[in-house]
Amino acid sequence: MTIVACKGEYTTGWTGSGASKSDKKVVGLTLFDLRRLGKVGKLGMVGVNGGKFPAIRKHLADNIGGAYKDMNLEFDEFPEQGRVDPEAYKTAIDQMKPGDAVIIFTPDSTHYPIAIYAIERGIHVLVTKPATQLLSHHNALIAAARKHKVVCFVEHHKCDAKARAASLGEFNFFNAWMSQPKSQLETFRAWAGKDSDISYYLSSHHIDICCWILQDIAIPTRVVASAATGIATGEPYNCVPETEDTITLMVDWQSTKSPKHRGTGVYTASWTAPLKAGVHSAQHWYYMGEKGDISVDQAHRGYDVTVDDTGKTWYNPFYMKYSPSESGHFDGQRGYGYISIEKFIDAARGVNAGLTQPSEYDAHGLPTIANTVLTTAILNAGRISLDEKRPVGIKKSGEEWILE
């Protein structure tokens, strides 16, 4: 069985008030298609409120079953209809067997308890970013995955930037901006500022890319954070007083090969960007090495559509393809939203078949829980810096990364 822990927008395309207007409806569709292709068998879906499942099933039937041929949309639901259970994931995992898989797309603060519960029972785990909020929890997942010999990946969106940056010499500067429109606060109000912040939620993506590029090139040593406030806590969003609008982390990086080379990373994320900007997520980053630079606009990819009623919209043709194939089947297997999940399923299947060992994937450069630890170190350090108004150091102590 493969269990999807979350029934929200990114998993089903359903938000509680109807179909999502963004293109972030990936996990369920991908798994239904992987089942059609024979890579996935029985599916389950976990939430907190079982009363939402009838609307979700109707939404899936209309928007997936009605759009693509040969899609089996059956899944077990946890908790059952009419019940509310914040720990329904335990009921679901207890029905699984070693070698099954759990895919976690839940609020940030719940990632660790769900992941560790699954791993300790021999279940393979894919968790969305941020893997955990605390570096100590990330280290615990690394140790547990090794002990129980399971695959634990962090969901990833990668490109070929690492190969291109490899020829640019020592690292010097990285600057990233990622935002979502203020309307997202309607969706996130239940946990925004309470259980997580916008840096964990969005900057985790660009910090992950930067850490991935800088593997074997540089390591982070210090983090200083700053935040803007006032919009999320006001009308009409009324988030809790602790909610920041925009968070910036400035990170010092030290070359692993040259004592004289140090770099700076600046990572900014906001969920108070303007409405009707033409993109759901504005994403830009810039990398400069000693021999050249890379500039990436992940929001405007040369694919824009203008409609009288709604204005101009920029689409991302690389993320997911929702139009069916000539035969009427789902045809988005080449989108990087799909590939990330498929790579995890392939790894779990390989380990179950005895063809590979979980530790092999660390060496392949894939986003294993071990290979993504510095992303969590930076995010956790940033939160401490904001709360305690001080720089936070990052260093390695023995085999583990710790904060100072």
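Residues numbered from 1 in each chain as written. Predicted model: local features only at pLDDT ≥ 70, side-chain atom pairs only at ≥ 80, totals over all residues. Heavy atoms only, no water.

J.: Please clarify how the layout of surface pockets should be interpreted in this entry.
T.: Over the atoms rolls a probe the size of a water molecule, and its path tells where empty space is left. Estimated volume of the second largest pocket: approximately 640 Å³. Forming the boundary of the second largest pocket are 30 residues, of which Ala 370, Asn 371, Val 373, Lys 396 and Trp 401 lie nearest the centre. In terms of residues, the lining of the second largest pocket owes the most to one element, helix α6 (residues 135-148), which gives 4 residues. Of the residues belonging to the lining of the second largest pocket, the class tally is 15 nonpolar, 7 polar and 8 charged. (1 Å grid on protein atoms, 1.4 Å probe; cavity = no way out; pocket = protein on both sides within 12 Å on 5 of 7 lines; lining within 4 Å. Points joined across faces, edges and corners; volume = space filled by probe spheres on them. Helix = DSSP H or I, 4+ residues; strand = E, 2+ residues; numbered from the N terminus. Nonpolar A, V, L, I, M, F, W, Y, C, P; charged D, E, K, R; others polar.)

J.: When you look at the pattern of salt bridges in this model, what are you seeing that I'm missing?
T.: Opposite charge on two side chains lets them pair, provided their charged atoms get close. For the structure on display, the rule yields 21 salt bridges. Between Glu 87 and Lys 90 there is a salt bridge, with the nearest N and O atoms lying 3.4 Å from each other. On the accessibility criterion, Lys 90 (25% relative accessible area) is partly exposed. We note a salt bridge from Arg 383 to Asp 387, for which the minimum N-O separation is 2.7 Å. Separated by 4 residues within a single helix, Arg 383 and Asp 387 lie in helix α12 (residues 373-388), roughly one turn from each other. A relative accessible area of 18% places Arg 383 in the buried class. Look at the salt bridges and you will find they share partners, linking Asp 197, Glu 244, Arg 383 and Asp 387 into a network. (Salt bridge = Lys/Arg side-chain N within 4 Å of Asp/Glu carboxyl O. Buried < 20%, exposed > 50% of the residue type's maximum accessible area, 1.4 Å probe, protein only.)

J.: In this structure, what is going on with the packing of aromatic side chains? I would like to understand it.
T.: Each pair of aromatic rings is reported with the distance of its centres and the angle of its planes. Considering all chains together, one arrives at 17 aromatic pairs under this definition. Among the aromatic residues, ring-to-ring pairing joins Phe 188, Trp 191, Tyr 201 and Trp 271 into one connected group. The ring of Phe 75 is capped by Arg 57, whose NZ or CZ atom sits 4.0 Å from the centre of that ring. Sitting above the plane of the Tyr 117 ring, Arg 121 keeps its charged end 3.5 Å from the centroid. (Phe/Tyr/Trp six-rings, centres within 6.5 Å; stacked < 30°, edge-to-face > 60°. Lys NZ or Arg CZ within 6 Å of the ring centre and 35° of its normal.)

J.: Any chance you could explain the sheet that holds strand β16 (residues 400-403) here in plain terms?
T.: With mixed pairing, the 8 strands of this open sheet are ordered in space as β12-β11-β7-β10-β9-β8-β15-β16. Strands at the two margins of the open sheet, each flanked by one partner only, are β12 (292-297) and β16. Each strand of the sheet is rotated relative to its neighbour by a mean of 15°, with strand direction disregarded. By the bridge criterion, 6 bridges tie strand β11 (residues 282-289) to β12 in an arrangement that is antiparallel. (Pairing = 2+ DSSP bridges. Axes fitted to C-alpha atoms, helices over the stretch in contact; angles between N-to-C directions.)

J.: Looking at this structure, I do not really get unusual backbone geometry. What am I missing?
T.: Negative phi characterises most residues that are not glycine, and trans characterises most peptide bonds. A cis geometry characterises the amide bond from Phe 78 onward to Pro 79, with omega recorded as -5°. Note on placement: Pro 79 falls in the loop between β3 (76-78) and α4 (88-94). Residue Lys 129 is joined to Pro 130 through a cis peptide bond whose omega torsion reads -5°. Tracing the chain through its elements places Pro 130 in the loop between β5 (124-127) and α6. Even without glycine at this site, Lys 149 takes up a positive phi of about 55°. Following the sequence through the fold, Lys 149 ends up in the loop between α6 and β6 (152-154). In this model, Lys 389 sits at a positive phi of 55°, which is unusual for a non-glycine residue. With respect to the helices, strands and loops of the structure, Lys 389 is situated in the loop between α12 and β15 (392-397).

J.: Could you clarify how one ought to interpret the side chain of His 206 in this entry?
T.: Here His 206 shows up in helix α9 (residues 198-213). Residue contacts for His 206: discarding those within four places in its chain leaves Phe 174, Ala 176, Trp 177, Met 178, Tyr 267, Gln 283, His 284, Trp 285 and Gln 298. (Contact = heavy atoms within 4.5 Å.)

J.: Even after reading the chapter, I still don't get the packing of helix α5 (residues 111-119) against α6, so can you show me in this structure?
T.: A pair of packed helices is captured by two measures, namely the crossing angle of their axes and the spacing between those axes. In contact at an axis separation of 9 Å, α5 and α6 are set at 15° when each is read in the N-to-C sense. With respect to their mutual orientation, α5 and α6 come out roughly parallel. α6 is crossed by α5, and the crossing has left-handed handedness. The segment α5 lies against α6, with Tyr 112, Ala 115, Ile 116 and Ile 119 engaging His 137, Ala 140, Leu 141, Ala 144, Ala 145 and His 148. (Parallel < 35°, antiparallel > 145°, perpendicular 65-115°, else oblique. Left-handed = near helix turned anticlockwise from the far one by under 90°.)

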